[in-house]
Amino acid sequence: MRTRHAYAAIAALAALQATAAQADAAWPKAHPITMVLPAGAGGSSDPLTRYVSEEIGKRIGQSFIVQNKPGAGGNVGMVYGAKARPDGYTLTISWTGPMATNLALYKEVGFSPQKDFAPVGMIGCTPNVLAVDKSSPASSLQEFNRLAKEKPEKFSYGTTGVGSSWHIAAEMLNRDLGDRLVHVPYQSPGAALTDMKGRRLDAIFPVIPMTVPHARAGEMKVLAVFSKERSSVLPEVPTTVEQGFPDLLSDTCFALLAPAGTPAPIVDQLNKALNQVLSDQASRTRIEDMGIQIRSGPPSRLQAYLDTEIPRQARLVRAMGVSPE
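Every value quoted in this text rests on a predicted model; they were computed, and no experiment measured them.

Enquirer: What exactly am I supposed to notice about the overall build of the protein here?
Expert: In terms of regular secondary structure, the protein is built from 11 helices and 11 strands. Here the protein has a C-alpha radius of gyration of 22 Å; the compact-globule value for 325 residues is 20 Å, and the two agree. With respect to the three principal axes, the spread of C-alpha positions in the protein is 85 × 40 × 30 Å. Out of the 325 residues in the protein, the part that is buried amounts to 52%. Accessible area of the protein: about 14,500 Å², with a carbon and sulfur share of 54%. Averaged over its 33 positive side-chain charges, the protein has a centre that lies 4 Å from the centre of its 29 negative ones.

Shown next, in the form of structure tokens:
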């Protein structure tokens, strides 16, 4: 009897392995791939996601459908992506906030970036900036700081929410200013931008992809890039380091994830296709024109990023004095 059960178990396992092998061999021909974006349409991550999805699709011979899943700072989309079938037909493009910062901001996010996802690869990073209305008297980070300290009432700044990269960048500066900045969170980056241009806010701290078109149109002044090196799309703007603030650094990194358990051959094919996109000169130019500095590499590079960034973001959140919601 035991021998019969053992043979049955072996046969069942072999059948499962054969089915998995057949699925791996068929991928990605069965049907289009869903790319989950844990943000609404129109944000800074949306054009990057759509472009990268389209270019990967060309290289693997399958189309992509981008599915925007905003909510709870990206947690809604991340949960959706984590719980998808690990068959290579549902992927997620995410960024530092949902992958790292949210773990310190929320008591329960509903997923683990390190356990519930298989890292596919890094895409790139973009720094935050300090931007003010075109009519602001400030023309440098030092002048902004002086005005903030001299103004009788506190300066106000808008963000896309508590714990966002906008918020973290601003609070880094706020510590140097002696808590002279007042946080005003918004539901969308566009609303914060509108109020800043209407002088209802003194400043915003967006990432570069959102900043570039408005800066080039003369609708805002960018006073500093929160980076060690100048941006290739805003070369005229000095960095925080150049202006005497070597520790004032903040950026957002984007990455491609698959549900945990996705077969290694599929992850490898996706990583290969992603790196082909990021090494193609036309694609590099397109992505870098968005203000994103490319960071390609193997899945292990993304894993190493998560292993270091999650505790780093936790330290930043604690320094801001923000309690988990």
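Anyway, onward from the coordinates.
Enquirer: What am I meant to see in the sheet that holds strand 1 (residues 33-37) here?
Expert: Sheet architecture is open: 6 strands sit in the order 2-1-3-10-4-11, paired in mixed fashion. A single partner strand is all that each edge strand has here, and the edge strands are strand 2 (64-68) and strand 11 (293-294). Bridge count for strand 1 against strand 2 is 5 bridges, and the pairing is parallel. Paired with valine 36 across the strands is glutamine 67, a residue of strand 2. In the packing of helix 11 (residues 299-320) onto the sheet, contacts are made with strand 4 (117-127) and strand 10 (251-259), and the angle to strand 4 comes to roughly 70 degrees.

Enquirer: When you look at unusual backbone geometry in this model, what are you seeing that I'm missing?
Expert: Trans peptide bonds make up the majority, and among non-glycine residues the majority have a negative phi. Following tryptophan 27, the chain continues to proline 28 via a peptide bond in cis, the omega torsion being 5 degrees. Even without being glycine, arginine 199 reaches a positive phi, approximately 65 degrees.

Enquirer: Just checking my understanding: could you explain helix 7 (residues 189-197) for this structure?
Expert: Counting along an α-helix, one turn takes 3.6 residues, and residues three or four places apart therefore face a common direction. Residues of helix 7 that are buried: Ala192, Leu193, Asp195 and Met196. Summarising the axial view, the buried residues of helix 7 lie within an arc of 165 degrees, below the 170-degree limit, and thus occupy one face. Within two residues after helix 7, arginine 199 carries a phi angle of roughly 65 degrees, on the positive side.

Enquirer: What is the right way to look at the state of the cysteines in this model?
Expert: Evaluation of the coordinates by the stated rule reveals 1 disulfide. Here cysteine 125 pairs with cysteine 253 through a disulfide, and the sulfurs are 2.0 Å apart. Between cysteine 125 and cysteine 253, the S-S dihedral sits near 105 degrees, and the bridge is therefore right-handed. Here cysteine 125 is found in strand 4, whereas its partner cysteine 253 is found in strand 10, with 128 residues between them in sequence.

Enquirer: Before we go on, may I ask you to explain the environment of glutamine 303 in this structure?
Expert: If you trace the backbone, glutamine 303 turns up in helix 11. Taking the C-alpha atoms as reference points, glutamine 303 and methionine 122, 181 residues apart in sequence, are found 9.2 Å from one another. Sequence-distant contacts of glutamine 303, defined by excluding residues within four places in its chain, comprise Gln114 and Pro119.

Enquirer: Help me understand the side chain of serine 45, please; the structure alone is not making it clear to me.
Expert: As for its position among the elements, serine 45 is in helix 2 (residues 45-60). Accessibility expressed as a relative area gives 6% for serine 45, which makes it buried. Apart from the residues lying within four places of it in its own chain, the contact partners of serine 45 are Leu37, Ala39, Trp95 and Phe254.

Enquirer: Is there a simple way to think about helix 11 in this case?
Expert: An ideal rise of 1.5 Å per residue puts 32 Å on 22 residues; helix 11 measures up with 31 Å between its terminal C-alpha atoms. The sharpest bend along helix 11 measures roughly 25 degrees and falls at glutamate 309, with the proline proline 311 sitting one to four residues further on. Residues of helix 11 that are buried: Leu302, Tyr305, Leu306, Glu309, Ile310, Gln313, Ala314, Leu316, Val317 and Met320. Buried positions along helix 11 lie against helix 4 (96-105), strand 4, helix 6 (165-176) and strand 10. Just downstream of helix 11 lies glycine 321, where phi reads positive at about 75 degrees.

Enquirer: Please clarify how the packing of aromatic side chains should be interpreted in this entry.
Expert: To describe a pair of aromatic rings, one takes the distance between the centres and the angle between the planes. What the rule picks out here adds up to 4 aromatic pairs. Their ring planes at 65 degrees and their centres at 5.3 Å tell us that phenylalanine 144 and phenylalanine 155 sit as a pair that is edge-to-face. Taken together, the residues span a long stretch of sequence, with phenylalanine 144 in helix 5 (residues 141-150) and phenylalanine 155 in strand 6 (residues 155-159) at a distance of 11 residues. Since its relative accessible area comes to 2%, phenylalanine 144 is described here as buried. Centre to centre, the rings of tyrosine 157 and phenylalanine 205 are 5.7 Å apart; their planes meet at 85 degrees, and the pair counts as edge-to-face.

Each value, and the rule that gives it
All residue numbers refer to position in the chain's written sequence, counted from 1. Restriction of local features to residues with pLDDT of at least 70 applies here, the model being predicted, together with a cutoff of 80 or more for giving and counting side-chain atom pairs; totals for whole chains, interfaces and linings are based on all residues. As a rule here, side-chain values come from all non-hydrogen atoms in the structure, and water together with hydrogens is ignored. Comment: elements are numbered from the N terminus, with helices defined as DSSP H or I runs of at least four residues and strands as E runs of at least two. The globule rule used here is 2.2 Å times the number of residues to the 0.38 power, and the radius of gyration it is set against is calculated over C-alpha atoms. Burial classification: accessible surface area is computed with a 1.4 Å probe over protein chains only, and a residue below 20% of its type maximum counts as buried, one above 50% as exposed, and the rest as partly exposed. For the accessible areas, the method is Shrake-Rupley and the probe is 1.4 Å, while residue cover comes only from the protein chains on display. Charged residues are defined narrowly, with Lys and Arg counted positive, Asp and Glu counted negative, and His plus the chain ends left uncounted. Where a charge lies is defined by one atom per residue type: Lys uses NZ, Arg uses CZ, Asp uses CG and Glu uses CD. Strand pairing follows a simple DSSP-based rule, namely that at least 2 bridges must link the two strands. In this description, contact between two residues means that some pair of their heavy atoms is separated by no more than 4.5 Å. Axis definition: a line fitted to C-alpha atoms, over the contacting stretch in the case of helices. Angles run 0 to 180 degrees between N-to-C directions. The arc under discussion is defined with respect to the helix axis, by the directions toward the C-beta atoms. Disulfides are defined as pairs of cysteine sulfur atoms found within 2.5 Å of each other. By this rule, a helix spans an expected 1.5 Å times one less than how many residues it contains. Bend angle per residue: angle between axes fitted to the 7 residues ending at that residue and the 7 residues starting there. When two rings of Phe, Tyr or Trp (its six-membered ring) have centres within 6.5 Å they constitute a pair, described as stacked for plane angles under 30 degrees, edge-to-face for angles over 60, and tilted for the intermediate range.

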